[in-house]
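What follows is the residue order along each chain.
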Amino acid sequence: MKCPKCGSALATVRLENIQLDKCHQCDGIWFDAGEVETIRKKPLQDPEEILEMEYGSPSVHSGQTDGYMQCPRCESDQGRLIQHYFSYSTPVRVDRCQSCLGIWLDDGELNSLIEDRKQLQQSESVVQRLFQKLGRLFK
Ligand SMILES: [Zn+2]
Ligand SMILES: [Zn+2]
């Protein structure tokens, strides 16, 4: 598979037992449908740094793209990646294939998604504490 961003060959990496395809040239990562959701549920800290430590940044054969982002899985015209917003609290812009629903995350976007998830959990616990306080008031 080739990187939709820079055309380099994608390398297979593993994160929490999920097989992903990473571009060592531009540090983007390809997720098949549903994999982003699975990763987000895991208690990860800076997953991009984990991958970097484990796999390093080997040199890769660089390639070319045709000026638009093409899904690495789908060869057809339908495999163009389109902008999609992924969010719990802060929207993170990602590129998604309409055909296979895979998602391309640029460098830094995976960390943003994990951070976003953490923020949501924090605000949930704030609300919970608030309700506990209110509950005590009305006793
Ligand atoms: Zn790339
Ligand atoms: Zn696709």
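Treat the numbers as computed from the prediction; the structure is a model and nothing was measured.

## Quick word on helix H3 (residues 109-137)
Working step 1: Given a rise of 1.5 Å per residue, 29 residues ought to cover 42 Å, and the 42 Å separating the end C-alpha atoms of H3 matches this to within 8%.
Working step 2: Inspection of H3 places Glu-109, Leu-110 and Leu-113 among the buried residues, and these make up the whole buried set.
Working step 3: Residues of H3 that are buried make contact with strand E3 (29-31), helix H1 (35-40), helix H2 (47-55), strand E4 (81-86), strand E5 (92-97) and strand E6 (103-105).

## Some details on the confidence of the model for the protein
Any residue range with low pLDDT should be treated as having predicted coordinates unsuitable for detailed reading.
Working step 1: Chain-level pLDDT for the protein is 88 on average; 99% of the residues reach the 70-or-more range.
Working step 2: At the low end of the mean pLDDT range in the protein sits H3, at 85; at the high end sits E3, at 97.

## A closer look at the nonpolar core
As a rule of thumb, soluble globular proteins bury nonpolar side chains together.
Working step 1: Ile-29, Trp-30, Phe-31, Ile-103, Trp-104 and Leu-105 are the most contacted members of the largest nonpolar core, which has 20 residues in total.
Working step 2: Those residues in contact with Trp-30 that sit more than four places away from it in its chain are Met-1, Leu-10, Leu-20, Asp-21, Pro-72, Gly-102 and Trp-104.

## Quick look at the sheet that holds E5
Working step 1: If you walk across this open sheet you meet the six strands as E1-E2-E3-E6-E5-E4, and the pairing is antiparallel. This sheet does not close on itself; its edge strands, each paired only once, are strand E1 (11-15) and E4. Taken pair by pair, the neighbouring strands of this sheet meet at an average axis angle of 40°, ignoring direction.
Working step 2: The pairing of E4 with E5 spans six bridges and is classified as antiparallel. Residue pairing across strands places Gln-83 opposite Asp-95, the latter belonging to E5.
Working step 3: Packed on one face of the sheet, H2 meets E1 and strand E2 (18-22) and runs near 120° to E1.

## Some remarks on unusual backbone geometry
Working step 1: Not every positive phi belongs to a glycine, and Glu-16 is a case in point at roughly 55°.
Working step 2: When you line up the elements, Glu-16 lands in the loop between E1 and E2.
Working step 3: Accessibility expressed as a C-beta count within 10 Å gives 13 for Glu-16, which makes it partly exposed.
Working step 4: Although it is not a glycine, Asp-46 sits at a positive phi angle of roughly 45°.
Working step 5: When you line up the elements, Asp-46 lands in the loop between H1 and H2.

## Things to note about the environment of Cys-26
Working step 1: Checked against the element boundaries, Cys-26 lands in the loop between E2 and E3.
Working step 2: For Cys-26, a count of 16 C-beta atoms within 10 Å gives the class partly exposed.
Working step 3: Sequence-wise, Cys-26 and Arg-129 are 103 residues apart; in three dimensions their C-alpha atoms are separated by 42 Å.
Working step 4: Non-local contacts of Cys-26, meaning those with residues more than four positions away in its chain, are made with Cys-3, Lys-5, Cys-6 and Asp-107.

Each value, and the rule that gives it
- Residues numbered from 1 in each chain as written.
- Chains lettered and ligands numbered in written order.
- Predicted model: local features only at pLDDT ≥ 70, side-chain atom pairs only at ≥ 80, totals over all residues.
- Helix = DSSP H or I, 4+ residues; strand = E, 2+ residues; numbered from the N terminus.
- Expected span 1.5 Å × (residues − 1).
- Buried ≥ 20, exposed ≤ 12 C-beta atoms within 10 Å, placed from the backbone.
- Contact = placed C-beta atoms within 7 Å.
- pLDDT = per-residue confidence, 0-100.
- Core = buried A, V, L, I, M, F, W, Y, C linked by C-beta atoms within 7 Å.
- Pairing = 2+ DSSP bridges.
- Axes fitted to C-alpha atoms, helices over the stretch in contact; angles between N-to-C directions.

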